[in-house]
Amino acid sequence: SGSCSFGNPYENGYTAYLSPYYIAEVNAAIATQSSSTLKTKSAKVAQIPNFTWFDTADKVPTLGDYLADARSMQADGTKMILQIVVYDLPDRDCHAKASNGEYHIAQNGVANYKAYIDAIKSYVVQYPDVRIVAVVEPDSLANLVTNMSDSHCANAHDAYLQCTTYALQQLNQCNIWLYLDAGHAGWLGWQSNQDPAAQLFAQVYKSATPNRVRGLATNVANYNALHASTPDPITQGDPCVDELSYVQAMSPRLTNYGFPAHFIIDQGRSGVQNIRGQWGDWCNIKGAGFGMRPTNVTPDPVIDAIVWVKPGGECDGTSDSSSPRYDSTCSLSDAKQPAPEAGTWFEAYFEDLVNFANPAL
Ligand SMILES: O=[N+]([O-])c1ccc(O[C@@H]2O[C@H](CO)[C@@H](O[C@@H]3O[C@H](CO)[C@@H](O[C@@H]4O[C@H](CO)[C@@H](O)[C@H](O)[C@H]4O)[C@H](O)[C@H]3O)[C@H](O)[C@H]2O)cc1
Ligand SMILES: [Mg+2]
């Protein structure tokens, strides 16, 4: 049956697959741009690998297309990594509104979610020769740590855990590596949140054995620095001023609870610091730029790789107060407006990310 390796999936010799979905978004954007400099820089972004978000079940068949495409690219000996996000929990994004999903617990949501996971699994098992890295359910467990006082999250608690355990039980093939989403330094890095978070992550890790959970993904769809030379003033009071200090604080706690976690850290929109009014602000933050490029060269052996998970240019949430998914966070002074619905293309914001990119494009 060959080896079922479970080391760092980002080991040297692997090439991250470029999402055709994102390339199409960027190409469409370029067609609307007039500046040749902007067009050139935008084209460079399309060549930087990020994660493909399966935020609706009807996108899952494209996973088969991407796996087949990646397999064809392996014909010459190239070894590919396909990076995806599993993101379709019932009552998703329970403490916010912007990213509420298609499934609802009250409407058979857990069963629907299991069918969604089964569909993903059906493709994973068809391509045992293609390496897959999956971030599992951004914001979900983090909300269970800090927002049980929100009835939406309290009511979703059991379903989130049941669904996540199911996903880990089903997505356990040798060609997939899973990273549970772990919020970020400004969410769970606060002294009072660290241990409860570590306990919950370890509980979920141990709820499905054997599993292919390599560790945690941090800073997904957020803006924190990997390493801040000088802490952003908004971090005042939080011992974890950046993602490096966050993962270094969490690692021994997780090991202590029986979860020897490694980490991947999103830096897709972290190129510019000191741009937020407060650390809890998360929506279309003005002044953000594309950040350090994805790499497996990291400042700590517990960090497998720096990655781009949130595709820059895809909106965090609408600023239209008449929308059912309107979240007032997207109308704060540090949020770029007007903004379209979460997940849809936000051209003005994309152009800012390009122009403010650090390193420059
Ligand atoms: O001084 N102290 O000692 C002390 C102690 C504790 C303190 O309380 C902490 O304050 C933190 C804010 O500083 C809070 O963190 C925010 O929590 C929000 C959810 O509630 C997150 O929002 C999500 O963001 C996602 C993208 O990241 C979106 O995709 C998603 O839709 C969206 O919902 C923010 O990122 C995150 O920054 C903590 O909960 C809270 O516990 C504060 C001080
Ligand atoms: Mg979101």
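For the structure itself, consult the block above.
Everything quoted here is computed from the prediction, not taken from an experiment. (Residues numbered from 1 in each chain as written. Chains lettered and ligands numbered in written order. Predicted model: local features only at pLDDT ≥ 70, side-chain atom pairs only at ≥ 80, totals over all residues. Heavy atoms only, no water.)

Our focus in this paragraph is the side chain of Asp-93. Of note, Asp-93 is situated in the loop between strand 3 (79-86) and helix 4 (109-124). No salt bridge is formed by the buried Asp-93, whose closest oppositely charged neighbour, Arg-92, lies at an N-O distance of 6.6 Å. Side-chain polar atoms of Asp-93 contact the backbone nitrogen of Ser-99, separated by 3.1 Å. Sequence-distant contacts of Asp-93, defined by excluding residues within four places in its chain, comprise Tyr-87, Ala-98, Ser-99, Asn-100, Asp-139 and Tyr-160. (Helix = DSSP H or I, 4+ residues; strand = E, 2+ residues; numbered from the N terminus. Buried < 20%, exposed > 50% of the residue type's maximum accessible area, 1.4 Å probe, protein only. Lys, Arg positive; Asp, Glu negative; His and termini not counted. Salt bridge = Lys/Arg side-chain N within 4 Å of Asp/Glu carboxyl O. Polar contact = N/O pair within 3.5 Å; in protein donor to acceptor, adjacent residues only side chain to side chain. Contact = heavy atoms within 4.5 Å.)

Once that is clear, we can look at the nonpolar core. Membership of the largest hydrophobic core comes to 73 residues, with the highest contact counts inside it found for Tyr-116, Leu-180, Phe-201, Leu-216, Leu-254 and Phe-259. The greatest single-element share of this core, amounting to 9 residues, is contributed by helix 6 (residues 151-170). Those residues in contact with Leu-216 that sit more than four places away from it in its chain are Tyr-179, Leu-180, Ala-182, Phe-201, Leu-254, Phe-259, Ala-261, His-262, Phe-263 and Ile-264. If you look at the next biggest cluster of nonpolar residues, it comprises 22 residues, including Val-26, Ala-339, Tyr-349 and Leu-361. (Core = buried A, V, L, I, M, F, W, Y, C linked by side-chain atoms within 4.5 Å.)

Relative to the elements of secondary structure, Glu-347 occurs in helix 10 (residues 347-355). Buried charge Glu-347 goes without a salt bridge, the closest partner of opposite sign being Lys-39 at 9.2 Å. At a separation of 3.0 Å, a polar atom in the side chain of Glu-347 contacts the side chain of Gln-33. When residues no more than four places from it in sequence are discounted, the contact partners of Glu-347 are Ala-29, Thr-32 and Gln-33.

Going through the model one piece at a time under the given rule, you end up with 10 salt bridges. Between Arg-253 and Asp-195 there is a salt bridge whose closest N-O contact spans 2.9 Å. Placement of Arg-253 in helix 9 (residues 243-256) and of Asp-195 in helix 8 (residues 191-206) is noted, with a sequence separation of 58 residues between them. Notably, a salt bridge pairs Arg-214 with Asp-304, separated by 2.8 Å at the nearest N-O pair. Of this pair, Arg-214 sits in strand 6 (residues 213-218) while Asp-304 sits in strand 8 (residues 303-307), and the two are 90 residues apart along the sequence. In the salt-bridge network here, residues are joined through shared partners; they are Arg-269, Lys-310 and Asp-316.

Another aspect to go through is the pairing of strand 7 (residues 262-266). Counting buried positions along strand 7 gives 4 out of 5 residues, so the element sits mostly inside the fold. Two strands pair when backbone bridges link them, and strand 6 and strand 7 are joined in this way by 4 bridges, in the parallel orientation. Residue Gly-215 lies in a different strand from strand 7, and its bridge partner there is His-262. In this view, the connection linking strand 6 to its parallel neighbour strand 7 by way of helix 9 has right-handed handedness. (Pairing = 2+ DSSP bridges. Right-handed = clockwise from strand over helix to strand, strands pointing away.)

Let's shift gears to the state of the cysteines. This structure, assessed with the given rule, holds 3 disulfides. Note on cysteine connectivity: Cys-94 is disulfide-linked to Cys-153, with sulfurs 2.1 Å apart. One quick way to see it: the torsion about the S-S bond of Cys-94 and Cys-153 is about 95 degrees, and its sign makes the bridge right-handed. Within this pair, whereas Cys-94 is found in the loop between strand 3 and helix 4, its partner Cys-153 is found in helix 6, the two being separated by 59 residues in sequence. The exposure classification of Cys-94 matches that of Cys-153, with both residues buried. Each sulfur in the disulfide pair Cys-283 and Cys-330 lies 2.1 Å from the other. The sign of the 95 degrees torsion about the S-S bond sets the Cys-283-Cys-330 disulfide as right-handed. One end of the pair, Cys-283, is in the loop between strand 7 and strand 8; the other, Cys-330, is in the loop between strand 8 and helix 10, and 47 residues separate them in sequence. (Disulfide = S-S within 2.5 Å.)

The subject of this paragraph is the site of ligand 1. Neighbouring residues of ligand 1: 17 residues in total, closest Asp-93, Asp-139, Asn-147, His-184 and Asn-222. The separation between an oxygen atom of ligand 1 and a polar side-chain atom of Asp-93 is 2.7 Å. Residue Asn-193 places a side-chain N or O atom 3.2 Å away from an oxygen atom belonging to ligand 1. In isolation ligand 1 offers 800 Å² of accessible surface; the protein chains occlude 73% of this area. Counting only elements with at least two residues in the shell around ligand 1, the list comes to helix 7 (185-188) and helix 8. (Near = heavy atom within 4 Å. Areas by Shrake-Rupley, 256 points an atom, 1.4 Å probe, with all protein chains shown as cover.)

Let's shift gears to the environment of Tyr-123. Relative to the elements of secondary structure, Tyr-123 occurs in helix 4. For the pair Tyr-123 and Pro-61, spaced 62 residues apart in the sequence, the C-alpha separation amounts to 8.1 Å.

Glancing now at the packing of aromatic side chains. Within the structure shown, the criterion is met by 10 aromatic pairs. Consider the rings of Trp-53 and Tyr-87, whose centres lie 5.1 Å apart with planes at 85 degrees: the pair is edge-to-face. With a gap of 34 residues between them, Trp-53 in strand 2 (residues 52-54) and Tyr-87 in the loop between strand 3 and helix 4 connect regions that are remote in the sequence. Take Trp-53 and Tyr-87: they sit in the same class, and that class is buried. Between the aromatic rings of Trp-345 and Phe-350, the centroid separation amounts to 4.9 Å while the plane-to-plane angle is 50 degrees, which identifies the pairing as tilted. Residue Trp-345 is classed as partly exposed on the basis of its relative accessible area, which comes to 22%. Here the aromatic residues Tyr-22, Phe-290, Trp-308, Trp-345 and Phe-350 are joined through ring pairs into a cluster of three or more. Here Arg-92 stacks its cationic end above the ring of Tyr-87, 4.1 Å away from the centre of that ring. The ring of Trp-53 carries the charged tip of Lys-310 above its face, separated from the ring centre by 5.9 Å. (Phe/Tyr/Trp six-rings, centres within 6.5 Å; stacked < 30°, edge-to-face > 60°. Lys NZ or Arg CZ within 6 Å of the ring centre and 35° of its normal.)

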